[in-house]
Amino acid sequence: MSLLQQFIDKPVQASVISLVIALLGIQALMQLNVRQYPETVTTTLTVVTPYIGADAELVRGFITTPLEQAIATMDGIEYLKSASSQGQSVITVQLVLNYDPNDAVAQILTKIQQVRNQLPQSAENSIVTVSTGSDQAAMYLAFYSDVLDATQISDYLTRAVRPRLETLQGVQEAVILGAQSIAMRIWLDSRKMAALGISASEVRDVLADNNYLAAIGNTKGSVLSISLETSTDLESVDAFRNMVIREEDGAIIRLSDVAQVSLGAENYESSVMFNDRTVVFIGVSVTPTANLLDTVGGVKALLPDIYSQMPAGLEGIVVYDSTVAIEDSINEVIHALIEALLIVTTVIFFFLGALRSALVPGIAMPLAIIGAFFIMQMLGYSINLLTLLALILAIGTVVDDGIVIAENAMRHIEAGATPDEAAKQTANELSGSIIAMNIVVLAVFAPIGLMGGLTGTLFTEFAYTVAGATLVSGVIALTLSPMMCAKLLQHNMKRRRSTQWVDTAFKSISNSYDTLLSKTLDRHWLVLGLGGLILISVYFLYTASERELAPVEDDGFLMIAAQGDPNMSIDQLERWTSLLAQNVGRFQDIEHVFMVNNIGPQSGSSASAFGGLSLRDWSERDQTQMQLKPQIQQLVTQNPGLQAVVISLPSLPGSTGGTSVQFIISSIDDPTAVFTNAEALARQARQSGLFTYIQSDLKFDRLQYRIDIDRDKAAAIGIDMRHLGDDLATMLSNNYVNFFSFDGRSYRVVPQVERQYRLQAEQLLDYYIANDEKELIPLSAIATLTQQVEPRQLLRFNQLNSATLSAVPAPGITLGQAVEYLQQQADTLLPGSYVTDWAGESRQYVTEGSALLFSFALAVMFMYLTLSAQYNSFRDPAVMLVSVPMSLAGALIFFAFGVVSVNIYTQIGLLALIGSIIRHGILLVEFANDLQLKESLNRRKAMEKAASLRLRSILMTTLATLFGLIPLLVAASGPGAESRFAISFTLGVGLAIGTAFTLFVVPSLYTVLATDRHRQAGH
């Protein structure tokens, strides 16, 4: 008695194995983590170093360059870029995939500390922030009030809301956007100062000397030790107003004599607008290793308590929640999985006709899916979009085992065998095929686990989930299914009336197939020639297909990035962005619009903004996000005050955000030369018509006035450059002197000339500068103004001067076409010394786009070698594998016609396709080989009989798989629908067309190439 027959004779053993599988799977299902994608760590470190008042050239030379040189020596860097602009340096470090962010932070802090003494003393300390993937926050909250001003709202959020959010597990940072932090504003009156002989640097020195935090210690007696404090600092507006600046001839000059003192905002150059009103935002970002769904869920659970404790008149609302689309997408896939199981079970029952026979695959199929969860748990995987999608696609694989077992047992019973005999014969006949088919599926997906990069990280879980479900299915097919056949199947089982029609139809199809196959084998060289042409066509169909990284999904959210004139004031910027928001908000499918002005380290000028468009629920919209986007883009381009682009969220994790195409050119040439070449490339791209938007981030259009000092005159009247610089910086730069205490917190003290005295550059000449005799000299006596143009920001990529072309392909133009065009034009137009690179989604496309091709070739080799080892033949596996190019050609026809593109999802679909289609070839060849030996048939007769016997199970498996894909195909809207459609459509059409080809090409090749076992046996 063989091991497999033992499970038939001892049904309890088979039942126990299946029950253990079910229990392990259920407990795993209850414990597995739920997330959007498999865990990936794509970390970006941003180093912001303020140098308030300094121009871009000064920032680049004295801040950015030494920091870049130090940071570039750290480990784990994929690329390094920097932006030096007015008043600050921003260095962005993109780490390689899955590099430890904690180690990177420790390294970068050490590197910064090494060069801190090389930076100017007036530069502030560098601020290092960590983000994952896109700069987009996971959640945006808006707070507004009709009774509280922006500084009061900001202060309350800083004290009461942000601390509670940032202490939640998984929250990395809660950034207050549009905050107007409280500051002691010293609004200097330059005329009064001149009249009283007070210079700006004198005011600054007095503020530093008389608002002093002193930690004086404590007494130390023999019995008591008492702590001490002193009032050397100032804590109120009145105290600052009454501060003495100078005493002369009995006259006291106080700060209030030369300045207006008030509690105001630290900065008035930024704002946030939401639904036509000014608000304050909190952007919640998640740590690199946190679970997004759990973290945002914790925030949402906390919000009711936060809202209930807010002061009267302050309101809050969730503006954007990234998990809504994620949860919707996961729910859709879960529903599709359940529907697929029900549909496939119904199809099986319909074709087999008897409930008893349908129970065999009907029980084995969900049991294999449940068991796969335990495999996922053992491998450390999560329940995510890709693993759920894998389970749906695995249904076609696992149902095949059950159908083949049940159909073969029924055939033996109808031939006169008892159920027990039929089950044992089936186990003996099909055990080899079952093992081979399941090992082949493992061989197909094994190479993905060997891949690196984003593709390997994401799709390893997908591949091994399919393989795990297949492995469990094989165990069930060899233990439980034969036992169920022995116990459930009977002679003359009650069958549905419609089954007679199905049987009649199958017999008619079988007879027609037998006749057609016989004629085909008579002309097998013609069929093989046609198969050769199909094989050759695979290359041409593939090269003719459109390419992109991944389909654009309808996430229900769009971003707007906008730039105004670099010298535009915040007031004018708010007017233009308000107009833009009003126009965009007229779309019925848009629920919320917000605009964030001059916020973020990457702004690079005083006139940049980004906005968000929250779309209505998918069920409430008439148009998809993809349909809305070009309409909104056309509208925003009509705004004369802004250059704006509409951006979709990245389709895959790991992208740094921005437009889908980001082309970087870099060189050791001067920035002006880089600018000239970048503009030439951008002009060529605009003329091509391939892009609806393309702009370079390197622009020489910022108006600047240079204050030229006559050093001889300055020296003659006793003015040194340090005091001159201090006076001008105090009056203009908005830099702080020190801190004051207010309600238990420290805030900045910021002196600056009142706005009315700095409306025009020419007003600077009326400022007075103190000489070494404390006399005030008008600046016009030693200086003149020269108008010049400077760049908005000076940019570098990997320490080379650079420019980035941000582009949006026109409708109908794929990412692959856009990338290919820009690279070709760059090779033609740019000097040979220039280096090109990519960022954002286009970088992922270039590095990952063809990564699966190698895995595909490796999978085919693995299949061939695995089958060769199992069948001890190099010829038979070649026959089995001929079904692969047949199915690929069937799928690629639709690629070439543009129904779907070549992307990561469709390439995975092609891998799943070859794992499914090869099973047909294995069944045909395995049966034909057995018939050669057992019934002494030659290769043709054996194949004709094998094809006739296996036709029903092959068609049933194919139809069951196709029907199981219907839930993925019909749900063509909502989040994740595009990727689900791409992978299921690829598998579906390839399997349908490939099956039709396989049924004729495999038999034809078998009669020519397969091992002639009939002759070897001596017949």
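Look a little higher up for the structure.
Only a predicted model underlies this, so the values are computations on that prediction, with no experimental measurement involved.

Asker: So, the side chain of Ser 696: which residues are in play, and what are the values?
Answerer: Along the chain, Ser 696 turns up in strand β19 (residues 691-696). Classification of Ser 696 as buried rests on a relative accessible area of 2%. Setting aside chain neighbours within four positions, we find Ser 696 in contact with Ala 678, Glu 679, Ala 803, Thr 804 and Leu 805.

Asker: Describe the packing of aromatic side chains, and please don't skip the residues or the numbers.
Answerer: Using the criterion set out here, one finds 25 aromatic pairs in the structure. Both rings, one in Phe 894 and one in Phe 985, keep their centres 5.4 Å apart while their planes meet at 90°; by these two values the pair is edge-to-face. Of the two residues, Phe 894 is situated in helix α26 (residues 883-896) and Phe 985 in helix α30 (residues 977-1009); the sequence distance between them amounts to 91 residues. Aromatic rings pair up to connect Tyr 140, Phe 274, Phe 281, Tyr 320, Phe 557 and Phe 594 into one cluster. It is Arg 547 that lies over the ring of Tyr 542; its NZ or CZ is 4.7 Å from the centre. In this structure, Arg 950 is placed above the aromatic ring of Phe 927, and the distance from its NZ or CZ to the ring centre is 4.5 Å.

Asker: Describe helix α3 (residues 56-71), and please don't skip the residues or the numbers.
Answerer: Remark: the principal bend of α3, roughly 40°, maps to Thr 64, with a proline, Pro 66, within the next four residues. Those residues of α3 lying buried are Ala 56, Val 59, Arg 60, Ile 63, Thr 64, Thr 65, Pro 66, Leu 67, Glu 68, Ala 70 and Ile 71.

Asker: So what's going on with the layout of surface pockets? Residues and values would help.
Answerer: Over the atoms rolls a probe the size of a water molecule, and in doing so it shows where empty space is left. Roughly 950 Å³ of internal volume is contained in the second largest pocket. Along its surface, the second largest pocket is lined by 41 residues, and Glu 548, Val 552, Met 626, Gly 812 and Ile 813 are the ones closest to its centre. Elements represented by at least two residues in the lining of the second largest pocket include exactly α18 (625-636), β17 (643-648), β27 (800-809), α23 (840-848) and α30. Top element by residues in the lining of the second largest pocket is α18. It accounts for four residues. Of the residues belonging to the lining of the second largest pocket, the class tally is 20 nonpolar, 16 polar and five charged.

Asker: I'd like a description of the packing of helix α16 (residues 524-543) against α30, backed by residues and values.
Answerer: It is the contact of α16 with α30, at a shortest axis distance of 9 Å, that shows an interaxial angle of 120°. Classified by the interaxial angle, the pair formed by α16 and α30 is oblique. Between α16 and α30 lies a crossing of left-handed hand. From α16, His 524, Trp 525, Val 527, Leu 528 and Ile 534 reach across to α30, where they touch Phe 997, Phe 1000, Val 1001, Ser 1004, Leu 1005, Thr 1007 and Val 1008. Here the contact of α16 with α30 is built from residues that sort into nine nonpolar, three polar and no charged.

Asker: An account of a negative patch on the surface is requested, with residue identities and associated values reported.
Answerer: Residues Asp 720, Asp 772, Glu 773 and Glu 775 make up a contiguous surface patch of negative charge. With respect to the element layout, Asp 720 can be found in the loop between α20 (711-716) and α21 (721-732). Since its relative accessible area comes to 33%, Asp 720 is described here as partly exposed.

Asker: Any chance you could break down unusual backbone geometry for me, citing the residues and the numbers?
Answerer: Positive phi is not limited to glycine here, since Asn 98 has a value of about 65°. Mapped onto the fold, Asn 98 is located in the loop between β3 (88-95) and α4 (101-115). Residues other than glycine seldom take positive phi values, yet Asp 743 does so here, at roughly 55°. For Asp 743, the position within the fold is in the loop between β21 (738-742) and β22 (745-753).

Asker: Go over the nonpolar core with me, naming the residues and quoting the values.
Answerer: One finds Phe 445, Phe 462 and Leu 911 to be the most contacted residues of the largest nonpolar core, which totals 184 residues. The biggest single contributor to this core is helix α12 (residues 385-414), with 19 residues. Here Phe 462 is in contact with Leu 386, Leu 389, Ala 390, Leu 393, Phe 445, Ile 908 and Ile 983, once residues within four sequence places are set aside.

Asker: So, the sheet that holds strand β7 (residues 182-188): which residues are in play, and what are the values?
Answerer: With mixed pairing, the four strands of this open sheet are ordered in space as β10-β7-β22-β21. Sheet topology places β10 (259-265) and β21 at the edges, where each strand pairs with a single neighbour. Averaged over all adjacent pairs, the angle separating strand axes in this sheet is 35°, with direction ignored. Across six bridges, the pairing between β7 and β22 is parallel. Within β22, the position partnered with Arg 185 by the bridge is Val 750. The strands that helix α5 (residues 150-166) touches are β7, β10, β21 and β22; relative to β22, the one it contacts most, it runs at about 150°. Across the sheet, α21 touches β7 and β22, and the angle it forms with β22 is around 110°.

The rules we used
Residues numbered from 1 in each chain as written. Predicted model: local features only at pLDDT ≥ 70, side-chain atom pairs only at ≥ 80, totals over all residues. Heavy atoms only, no water. Helix = DSSP H or I, 4+ residues; strand = E, 2+ residues; numbered from the N terminus. Buried < 20%, exposed > 50% of the residue type's maximum accessible area, 1.4 Å probe, protein only. Contact = heavy atoms within 4.5 Å. Phe/Tyr/Trp six-rings, centres within 6.5 Å; stacked < 30°, edge-to-face > 60°. Lys NZ or Arg CZ within 6 Å of the ring centre and 35° of its normal. Bend = angle between axes of the 7 residues up to and from the residue. 1 Å grid on protein atoms, 1.4 Å probe; cavity = no way out; pocket = protein on both sides within 12 Å on 5 of 7 lines; lining within 4 Å. Points joined across faces, edges and corners; volume = space filled by probe spheres on them. Nonpolar A, V, L, I, M, F, W, Y, C, P; charged D, E, K, R; others polar. Axes fitted to C-alpha atoms, helices over the stretch in contact; angles between N-to-C directions. Parallel < 35°, antiparallel > 145°, perpendicular 65-115°, else oblique. Left-handed = near helix turned anticlockwise from the far one by under 90°. Patch = residues over 30% accessible without salt bridge, like charges linked within 9 Å, V, L, I, M, F, W, Y side chains within 5 Å. Areas by Shrake-Rupley, 256 points an atom, 1.4 Å probe, with all protein chains shown as cover. Salt bridge = Lys/Arg side-chain N within 4 Å of Asp/Glu carboxyl O. Lys, Arg positive; Asp, Glu negative; His and termini not counted. Charge placed at Lys NZ, Arg CZ, Asp CG, Glu CD. Core = buried A, V, L, I, M, F, W, Y, C linked by side-chain atoms within 4.5 Å. Pairing = 2+ DSSP bridges.

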